[in-house]
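Each chain is listed here by its residues.
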Amino acid sequence: PGLVLNDLEYLEMPGLNVMLAHDYYPESHQGGVGIIQNGLRVATNGDLRLDRTPGQWSPVPKPGTREVDRATGEIRVRMAYPDPEKNRRGFNPIDYPDLDFAYTIRVRPEGAAVRIRVDLETPLPAEWGGRVGFILELFPGYLFGKTFLMDGAAGLFPRQANGPGRLDAEGHYQIEPLATGRKLVVAPESERQRMVIEDHTGGGLELIDGRGQHDNGWFIVRTPVAAGVTKGAVDWLVQPHAIPDWRSAPVVQVSQVGYHPRQPKYAIVELDAADPERHPVEVRRVDEDGVWHTAVEASPPEWGRFLRYRYLRLDFSEVAEPGVYRVRYGRVESAPFRIGADVFRRHVWQPTLETFLPVQMCHLRINDRYRVWHGACHRATARMAPVNFNHIDGYLQGPETLCRFQPDEEIPGIEKGGWHDAGDHDLRVESQTATIHGLALAYEEFGLDYDNTTVDQSRGVVELHRPDGEPDALQQVEHGVLSVVGGYKILGRLYRGLIGPELRDYVLLGDPVHEERPRWVFTEDNPRRELAAAAGIAAAARVLRGFRDGLAADCLGAAVELWERTRVERPGERVALDVELFLTTGEGRFADSLRDRREAIVAGFDRHGWIVGRALEALKDVDFAEAMEEAARRHRAEVDRLEAKTPYGVPYEPNIWGAGWGIQNFGMRQYFLHRTFPEIFPARFFLHALNFILGCHPGVNTASFVSGVGSESLEVAYGFNRADWSYIPGGSASGTALIRPDFPELLTWPFLWQQTEYVLGGGTTDYLILALAADRIFNPD
């Protein structure tokens, strides 16, 4: 038995998969040669790199088309430096050196081992010999405390990066290798992780701790490429130990929070595709003496194949007796969960409103009993960003500032309000206004008068778990509006965002009060984003009336100005703002604008139906309502198709980020469609989405994506405190990512934004709406 090329164009055998260039995100440890060993993604980013220990902003190659040789099983792909789409341009511009070269990576099976060869098209210049190297990154989370052998000498993979190191000619810190030699044995004591890497090139191997420069680095195995060589510039033989006849263990997936007695309930069992065994699925309830009693035992039908697994799906909706339950399949059990009428009443949405959102508040000190989450940060007066400047993280300033302020000029008064953008400390207009919009809808839809937080804007202090007599949701809306509408009044337009001027500011971990440099303010001409932001502001105007009347008037004035002066080519881009202004003012011009766009709204029902449906009753337009209902029935067929695509009843189609944010948004829209068209869209669609977020999702890690919510949840997440391997209660993470083409992954690791970064904007408030909606639908009183 050995590795063979499968139909998905990667090498496989029981216990071992080797991929090449399926993923295209080396900045976050997805790309090049990747190895999945006995169910663990142990290695990735096998490729030539220009840095000894590359980080997020290091140059990466431009991948070509993957080619396969069915006769030999070889996989190959041409790579080239520089990547013109990233070289000093793009979302995160990278400053590539003046070096142009191309090469081909070849991966070929040799029994249960794999040969990795790199052939250069032209030799490297002499000055780059030894600087360019082939690297393979090893995931540290599986290796801490394990050992290695390099040419027979033993070593230990350390829990943290330890010196010694030195400064190179450019002044960069270079940590000394953990070991050098020609044959590396990784984790020889672990049958599941033992792997042998041999260099047949002659350059030898370095084992380096990639965290010497970058906190989010992995362990790196590296061979330098000599100048003057082309064919066989790198030649490795890699032998990961595959456990004979290995199969992934069954996984039982349920909501970590539990279920209302009347809620549809499904337990999902995920099985290795080659697993021939089938056991009954048992739902058991525990009594006061710790004795488990069977409520349901059945052999559910096969759902079928999804990704690399086969699935069973048990419907246990008939189980309604309140209590504590587990689901068991063979020797595998789920975490305990509740069934009860009050299951969504407490501990589910409250952490998001009373902890996560306050902790994200910028410009204020956040106290939590004995703890200070962070100090009153970013109080220095912000400055106007330089023109013709491509910064990082999508911040791009054009040839003009688009306002009265000149580059580097102070902008007094803008340093108030807003929320840090999840794991970063910038304020992006889209995340600010999406959060404002979602909070306004949640307050309006569910009468969200919950009060457990003191927000004192005059003193610049927030006290968690200290009610102050004002609804927390409205105080949060106010805080977002202070930034966005306050900035609008100062600039005369919406900002693109506020961000630290240097990379050191952006990567700062810990208390953001230590980001001392004044932030830059960016502007942009982006009508689509301005209209979406204005919709959130218009909704805020509605809920702030009677709470902060002056601020409500400012919101409405800004939203109307943006409605009047912003022009877009696509009529559908105005719809959300039309709806919110009509609901806020009742004015006929906004209703007329909606009617003028009826054709676009009906044609784009999948995007507009949920938000326009909220205004149908107030519009009192029978023809419009009938056209919308007809479109709703057509869209229902598409939702049915999406429900059937996965065993979870929701579309799991992640790009780079995990699909949590998209599924939350899908669920939120389904809730509002259910509210408007209850006979067409049943509640189960949005409940599927909530279950997915709370633990019923693919992969071995069945944690709730919402930290601190449910029996098991993400307790190591990508928040501002990630360097402490900690979490923020109520933070909603991006969720299970897809390692292409078919491996779902949710690692316990604080530095993977595409899996565990908290999502501000719609991600946070969509979850809040879903959790409140579940309680509303089953407990309408």
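In case you missed it, the structure is sitting above this.
A few points on the structure.

Parameters and conventions
Residues numbered from 1 in each chain as written. Predicted model: local features only at pLDDT ≥ 70, side-chain atom pairs only at ≥ 80, totals over all residues. Heavy atoms only, no water. Helix = DSSP H or I, 4+ residues; strand = E, 2+ residues; numbered from the N terminus. Rg over C-alpha atoms; globule rule 2.2 N^0.38 Å. Buried < 20%, exposed > 50% of the residue type's maximum accessible area, 1.4 Å probe, protein only. Lys, Arg positive; Asp, Glu negative; His and termini not counted. Charge placed at Lys NZ, Arg CZ, Asp CG, Glu CD. Salt bridge = Lys/Arg side-chain N within 4 Å of Asp/Glu carboxyl O. Contact = heavy atoms within 4.5 Å. Pairing = 2+ DSSP bridges. Axes fitted to C-alpha atoms, helices over the stretch in contact; angles between N-to-C directions.

### Observations concerning the overall build of the protein
And step 1. When its secondary structure is counted, the protein shows 16 helices and 42 strands.
And step 2. Since a compact globule built from 781 residues should have a radius of gyration of about 28 Å, the 27 Å found for the protein is in line with a globular shape.
And step 3. Along the longest, intermediate and shortest principal axes, the C-alpha atoms of the protein span 75 × 70 × 55 Å.
And step 4. Every one of the 781 residues in the protein was classed for burial, and the buried ones make up 60%.
And step 5. One way to put it: in the protein the 85 positive side-chain charges average out to a point 1 Å from where the 111 negative ones average out.

### Side note on the pattern of salt bridges
And step 1. Scanning the entire structure with this criterion turns up 62 salt bridges.
And step 2. E524 is the salt-bridge partner of R529, the closest N and O atoms lying 2.7 Å from each other. Per residue, the accessibility class of R529 equals that of E524, and both read buried.

### Details of the environment of A717
And step 1. Tracing the backbone shows A717 in the loop between α14 (684-693) and β41 (737-739).
And step 2. Residue classification places A717 among the buried positions, given a relative accessible area of 0%.
And step 3. Not counting the four nearest positions on each side in its chain, A717 is found in contact with S707, R722, S726, P750, T756 and Y758.

### Some words on the environment of P301
And step 1. Among the secondary structure elements, P301 is positioned in the loop between β25 (292-298) and β26 (302-306).
And step 2. Owing to a relative accessible area of 62%, P301 belongs among the exposed residues under this scheme.
And step 3. Ignoring sequence-local partners within four residues, the contact set of P301 consists of L312 and R313.

### Some words on the pairing of strand β24 (residues 281-286)
On a regular strand, each side chain points to the face opposite its neighbour's, so the side chains alternate between the two faces of the sheet.
And step 1. Here β24 runs beside β25; their pairing, made up of six bridges, is antiparallel. Paired with E282 across the bridge in β25 is E297.
And step 2. What sits between β24 and β25 in their antiparallel hairpin is a turn of five residues, with G290 showing a positive phi close to 80°.
And step 3. Examined bridge by bridge, β24 and strand β28 (residues 323-329) share five bridges and lie antiparallel to one another. When the sheet's bridge partners are listed, R285 is paired in β28 with Y325.

### So, the sheet that holds strand β39 (residues 497-499)
And step 1. Taken in spatial order, the four strands make up an open sheet running β33-β40-β39-β36, and their pairing is mixed. Of all the strands in the sheet, the pair left with one neighbour each is β33 (383-384) and β36 (427-428).
And step 2. Where β36 lies against β39, two bridges are found, and the strand directions are antiparallel. Note that in β39 the partner of R428 across the bridge is G497.

### Overview of the sheet that holds strand β9 (residues 113-120)
And step 1. Taking strand neighbours across the sheet as the criterion, the nine strands line up as β6-β7-β8-β9-β20-β17-β16-β11-β12 in an open arrangement whose pairing is antiparallel. Only two strands of the sheet have a single neighbouring strand rather than two, namely β6 (62-69) and β12 (153-156). Across the sheet, the mean angle separating the axes of adjacent strands is 20° when strand polarity is ignored.
And step 2. Where strand β11 (residues 147-150) lies against β12, four bridges are found, and the strand directions are antiparallel. Of the residues in β12, the one forming a bridge with F148 is G155.

### Looking at unusual backbone geometry
And step 1. Cis geometry marks the peptide bond from G163 to P164; its omega dihedral reads 10°.
And step 2. Mapped onto the elements, P164 comes out in the loop between β12 and β13 (165-167).
And step 3. Here the residue pair R740 and P741 is connected by a cis peptide bond, since its omega of 5° sits within 30 degrees of zero.
And step 4. With respect to the helices and strands, P741 occurs in the loop between β41 and β42 (743-745).
And step 5. Positive phi values are uncommon outside glycine, yet E9 reaches one of about 70°.
And step 6. Tracing the sequence through the fold places E9 in the loop between β1 (4-5) and β2 (11-13).
And step 7. Within the chain, N45 stands out as a residue other than glycine whose phi angle is a positive 60°.
And step 8. When its relative accessible area of 2% is taken as the criterion, N45 is described as buried.

The analysis is restricted to geometry; functional conclusions fall outside its scope.
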